[in-house]
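Observations on chain architecture
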Amino acid sequence: MTYSTNPVPIVVNWHLTEACNFSCRYCYAYWERAESVKDLIKNEHQVRALVAELGRFFGSEAATRRFGFYGVEPRLNIAGGEPLLFPSAVQAAVHQARQVGFRASIITNGSFLTEELCSSLAPDLDMLGVSVDSGQPDTNKLIGRVDRQGRFLELAALSNCIEVLRQRNPPLKIKLNTVVNRMNWKDSLSSVVDTIEPWKWKILRALPVIDQSTSVSDYQFQAFVDRHSAYRSISVVEDNQDMQESYIMVDPQGRFFQNSPCSAGYQYSQPILEVGAEKAFEQVNFDPERFLSRYSKEAGGAV
């Protein structure tokens, strides 16, 4: 196998919780769980230990040689669920990531961002991604992007928080994530993109993992993409097949997992803290060529 020597980073996505204040119908953040094992966020020591072990393995020359990553330090991406339900755990993970040589990023639905939290997180972050699927209350309600009190993400408040992030850390990148699904494929998100002014806009197709009723046809997905062609310069379009075996993912209990086209669900490794990252990573399918192709296309790895 021949790998490109263009700088392509290792990006490790740790979904540290499946808990969320929203209930998006297409969400895949549900994992088979050992009920006797607590999620690692319940123990700050384990949070730090997992980050250290991931940093040790993915920052090693062995991992670089094996998977063809060159020239860019690895990044730990904190995701969920909604990770900012647990701000102290996120801050501990981000701080530890920096200590062990990772760059750090967070993917959030934005609803728990405050100017104070943004001011605290900004210096240690390389990127913050915000998931927004619609600017319309009715559409967000159909999707499930509303909490139990009926509250939606306020774009004006989000814009203020992003301004704080940019003031505290000017190089920090802001990314927008949008999942195209049955409820929003006819929407225009131009006002959302113009408000956030993201460095990158990732447009994903809803994965039919949990609820196939949210899936869109090829025509519907392409219609959404075409409607937003004015943002082509910042857009990264990712269809279902692009996601298979092309992410490095860790679940809330500290196991690698993978969405494989040959399995009806997820593959799981043994717990990383029990067997080590190298052995655990060998237990799930991973396609280096698909990974490198996707991150090369994304001009530097916008998770």
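Residues numbered from 1 in each chain as written. Predicted model: local features only at pLDDT ≥ 70, side-chain atom pairs only at ≥ 80, totals over all residues. Heavy atoms only, no water.

Heads up, the rule is: UniProt positions are given in the numbering used here, feature names are shortened, and annotations may be inferred rather than shown by experiment.
In the nomenclature of an unreviewed UniProt entry, the protein is known as S-adenosylmethionine-dependent nucleotide dehydratase of Marinobacter adhaerens. Listed under Cofactor (unreviewed entry) in UniProt, the entry text for the protein is "[4Fe-4S] cluster".

**Comments concerning the overall build of the protein**
The cut-off we apply is this: Counting from the N terminus, the helices are DSSP H or I runs at least four residues long and the strands are E runs at least two residues long. Exposure classes here rest on a 1.4 Å probe applied to the protein chains alone. A residue is buried below 20% of its type maximum, exposed above 50%, and partly exposed in between. We call two residues in contact whenever any of their non-hydrogen atoms come within 4.5 Å of each other. Method for areas: the Shrake-Rupley scheme with a 1.4 Å probe, in which residue coverage is limited to the protein chains shown.
Summing up its helical and strand segments, the protein has twelve helices and ten strands in all. Considering the protein as a whole, with its 303 residues, one finds that 55% of them fall into the buried category. Here the analysis covers contacts within the protein between residues at least 6 apart in sequence; of these, 75% occur between residues at least 24 apart. When the accessible surface of the protein is summed, it comes to about 13400 Å², and 47% of that surface belongs to carbon and sulfur atoms.

**Re the nonpolar core**
Which entries qualify depends on this criterion: Only buried residues count toward a nonpolar core. Its members are Ala, Val, Leu, Ile, Met, Phe, Trp, Tyr and Cys residues joined through side-chain atoms within 4.5 Å.
Within the largest apolar cluster, 67 residues are counted, with the highest numbers of intra-cluster contacts made by W14, L54 and F256. Element by element, the count of residues in this core is highest for helix α1 (residues 44-58), at six residues. If near-sequence neighbours (up to four positions away) are discounted, W14 is found in contact with L40, V47, L50, V51, L76, N77, I78, A79, A93, V250, D251 and P252. Core analysis: the second largest hydrophobic core is formed by 15 residues, W31, I143, M183 and L204 among them.

**What about the packing of aromatic side chains?**
The following threshold applies: Classification of ring pairs rests on two measures: the distance between centres of Phe, Tyr or Trp rings, Trp counted by its six-membered ring, which must be within 6.5 Å, and the angle between planes, read as stacked under 30 degrees, edge-to-face over 60 and tilted in between. Criterion for a charge above a ring: Lys NZ or Arg CZ within 6 Å of the ring centre, and within 35 degrees of the ring normal.
Enumeration according to the criterion identifies twelve aromatic pairs in this entry. When the centroid spacing of 5.5 Å and the interplanar angle of 70° are considered together, the rings of W31 and F257 count as edge-to-face. With W31 in the loop between β1 (11-15) and α1 and F257 in strand β9 (residues 255-259), this pair connects stretches of sequence that are 226 residues apart. Exposure class is identical for W31 and F257. Each is buried. Arranged with centres 6.3 Å apart and planes meeting at 85°, the rings of Y266 and Y268 form a pair that is edge-to-face. Assessed through its relative accessible area of 15%, Y266 is described here as buried. Through successive ring pairs, a cluster of aromatic residues spans F57, F58, F256, F281 and F286. Stacked on the ring of W199, the Lys or Arg K173 has its end atom at 5.4 Å from the ring centre. Geometry around W199 places K200 over its ring, the cationic atom sitting 5.1 Å from the centre.

**Observations regarding the packing of α1 against helix α3 (residues 87-99)**
The line we're drawing: Helix axes use the C-alpha atoms of the stretch in contact, all axes being lines fitted to C-alpha atoms, and the angles between their N-to-C directions lie in the range 0 to 180 degrees. Should the near helix be turned anticlockwise from the far one by less than a right angle, the crossing is left-handed, and should it be turned clockwise, the crossing is right-handed. For this scheme, ten residues count as nonpolar: Ala, Val, Leu, Ile, Met, Phe, Trp, Tyr, Cys and Pro. Four count as charged, namely Asp, Glu, Lys and Arg, and the remainder, Gly too, count as polar.
Closest axis-to-axis distance for the α1/α3 pair is 9 Å, and the angle between their directions is 35°. Classified by chirality, the crossing of α3 by α1 is right-handed. On the side of α1, the interface is formed by E44, V47, R48, V51 and A52, while α3 contributes A89, A92, A93, H95, Q96 and A97. Across the contact of α1 with α3, the residue classes tally to seven nonpolar, two polar and two charged.

**Considering the layout of surface pockets**
Test applied: Here a cavity denotes a set of grid points, spaced 1 Å apart and computed over the protein atoms alone, in which a 1.4 Å probe fits but from which it cannot get out, and a pocket denotes an open set meeting protein on both sides within 12 Å along at least five of seven lines; residues with an atom within 4 Å of a point are reported as lining. Grid points are joined across faces, edges and corners, and a volume is the space filled by probe spheres set on the points.
In this structure, the largest pocket occupies an estimated 810 Å³ of space. Lining the largest pocket we find 39 residues, and of these H15, Y28, G80, I107 and S131 sit closest to its centre. For the lining of the largest pocket, the secondary-structure elements that each account for two or more residues are β1, β2 (75-79), β3 (103-108), β5 (173-180), β6 (200-205) and β9. Examining the composition of the lining of the largest pocket, we find that three residues originate from one element, β6, more than from any other. By residue class, the composition of the lining of the largest pocket is 22 nonpolar, eleven polar and six charged.

**Quick look at α3**
For the record, the criterion: In a helix, the anticipated span is given by 1.5 Å times the number of residues less one.
Helix length check: α3 (13 residues) gives 18 Å between terminal C-alpha atoms against 18 Å at 1.5 Å per residue, within 8%. Among all positions of α3, only A89, V90, A92, A93, V94, Q96 and A97 are buried. Where α3 is buried, its residues touch β1, α1, β2 and β3. Positioned one or two residues after α3, G101 has a phi angle of 100°, which is positive.

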